[in-house]
Amino acid sequence: MEGPIVDGSGSADGPIAFIDRDGVLNYGRNGYVNYPHELVIIPGSGSAIARLRQKGYTICVVTNQSPIMRGLWTVERLHSIHSALRRQLLDEDPEAQIDIIMTCPHRNRDRCGCRKPWPGMLVKANNILRNQNQPNRHIDWAGEKPKPWNQLDIMVGDRKSDMGAGWAVGARTFEVSDRLGLPQVIDRMLDDNDPGDFYDPMRW
Ligand SMILES: [Mg+2]
Ligand SMILES: [Zn+2]
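What counts, and where the lines are drawn
Residues numbered from 1 in each chain as written. Chains lettered and ligands numbered in written order. Predicted model: local features only at pLDDT ≥ 70, side-chain atom pairs only at ≥ 80, totals over all residues. Helix = DSSP H or I, 4+ residues; strand = E, 2+ residues; numbered from the N terminus. Rg over C-alpha atoms; globule rule 2.2 N^0.38 Å. Buried ≥ 20, exposed ≤ 12 C-beta atoms within 10 Å, placed from the backbone. Contact = placed C-beta atoms within 7 Å. Pairing = 2+ DSSP bridges. Axes fitted to C-alpha atoms, helices over the stretch in contact; angles between N-to-C directions. Expected span 1.5 Å × (residues − 1). Arc of directions from axis to C-beta.

A.B. asks: It is not clear to me how the overall build of the protein should be interpreted in this structure. Could you clarify?
C.D. replies: Of regular secondary structure, the protein possesses five helices and six strands. What you see in the protein, going N to C, is helices and strands ordered as β-β-α-β-α-β-α-β-α-β-α. Rg of the C-alpha trace for the protein: 15 Å, near the compact-globule value of 17 Å for 204 residues, within the 12% margin. Here the C-alpha coordinates of the protein stretch approximately 40 × 40 × 35 Å along the principal axes. Across the 204 residues that make up the protein, the buried fraction comes to 45%. Long-range pairs, those at least 24 residues apart, make up 68% of the contacts in the protein with a sequence separation of at least 6.

Right, dumping it as structure tokens:
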């Protein structure tokens, strides 16, 4: 199966906030979030998205969902789960619109370029949102952090693989606890002078 799966569209004149899903916008579960009714947003994540939008950010969710390639459930199920996510965020704040959701359906052994920490989902979203045509990049994990597309681009996640994907596109990276999610770092994200959390891809 080709990936990533794209849900939504939009265009970005300003910075992009790349946001992991489970443990950041909604509570993760042992196993996976397998049904729409299992999806519960972390309180405050809707208002945090609204604040990012007010600041000019385009909102891009980037999520690894290997149950699809494991044959546990389908792309249709994925879309129903994402409808629940979008609805709950909008219920909390009517301005909490997600522009685009990128999903990697693969397992490690599929060796795709989109499963985080590989930045394929971010590269494709950048191409769509900024009308570019950049190829998937070669990543030198031991080299310098790449230059960002926009100095204010952000990647926020609860795992090192999220930090890796953000690092690989030069974004400011913010790591959260999976119980606190996006609200934990929203004030920092909105501070243009906050460089994000230090992250060295060679140290994990
Ligand atoms: Mg996560
Ligand atoms: Zn993938």
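A.B. asks: Help me understand the sheet that holds strand β4 (residues 100-104) in this model?
C.D. replies: The strands making up a sheet associate through backbone hydrogen bonding, with each pair oriented either parallel or antiparallel. If you walk across this open sheet you meet the six strands as β1-β4-β3-β2-β5-β6, and the pairing is mixed. Taken across any chain shown, the strands that pair with only one partner, and hence form the sheet edges, are β1 (5-8) and β6 (172-175). The average angle at which neighbouring strand axes cross in this sheet is 20 degrees, direction not considered. Of the strands in this sheet, β2 (16-19), β3 (58-64), β5 (154-157) and β6 touch helix α4 (residues 160-168), which is tilted by about 175 degrees from β5.

A.B. asks: So what exactly am I meant to see when it comes to unusual backbone geometry here?
C.D. replies: Among all residues except glycine, the phi angle is most often negative; among peptide bonds, the trans geometry is most common. Look at the link from G3 to P4: it is a cis peptide, with omega at -5 degrees. Of note, P4 is situated in the segment before β1. In this chain, K116 is followed by P117 through a cis amide linkage whose omega measures 20 degrees. By secondary structure assignment, the location of P117 is in the loop between β4 and α3 (120-129). A positive phi angle, close to 50 degrees, is found at R111, a residue other than glycine. Its place among the elements puts R111 in the loop between β4 and α3. Positive phi values are uncommon outside glycine, yet N131 reaches one of about 50 degrees. With respect to the helices, strands and loops of the structure, N131 is situated in the loop between α3 and β5. Residue N131 is classed as exposed on the basis of its 9 C-beta neighbours within 10 Å.

A.B. asks: For this particular structure, what's the right way to read helix α2 (residues 75-92)?
C.D. replies: Residues lying three or four places apart along an α-helix face the same way, a consequence of the helix completing one turn every 3.6 residues. The terminal C-alpha atoms of α2, which comprises 18 residues, lie 26 Å apart, in line with the 26 Å expected from a rise of 1.5 Å per residue. Residues of α2 that are buried: L78, I81, H82, L85 and L89. Along the long axis of α2, the arc covered by the buried residues comes to 100 degrees, so they all point the same way. Relative to its buried face, α2 has exposed residues pointing more than 90 degrees away, namely E76 and D91. Packed against the buried residues of α2 are β1, α1 (45-54) and β4.

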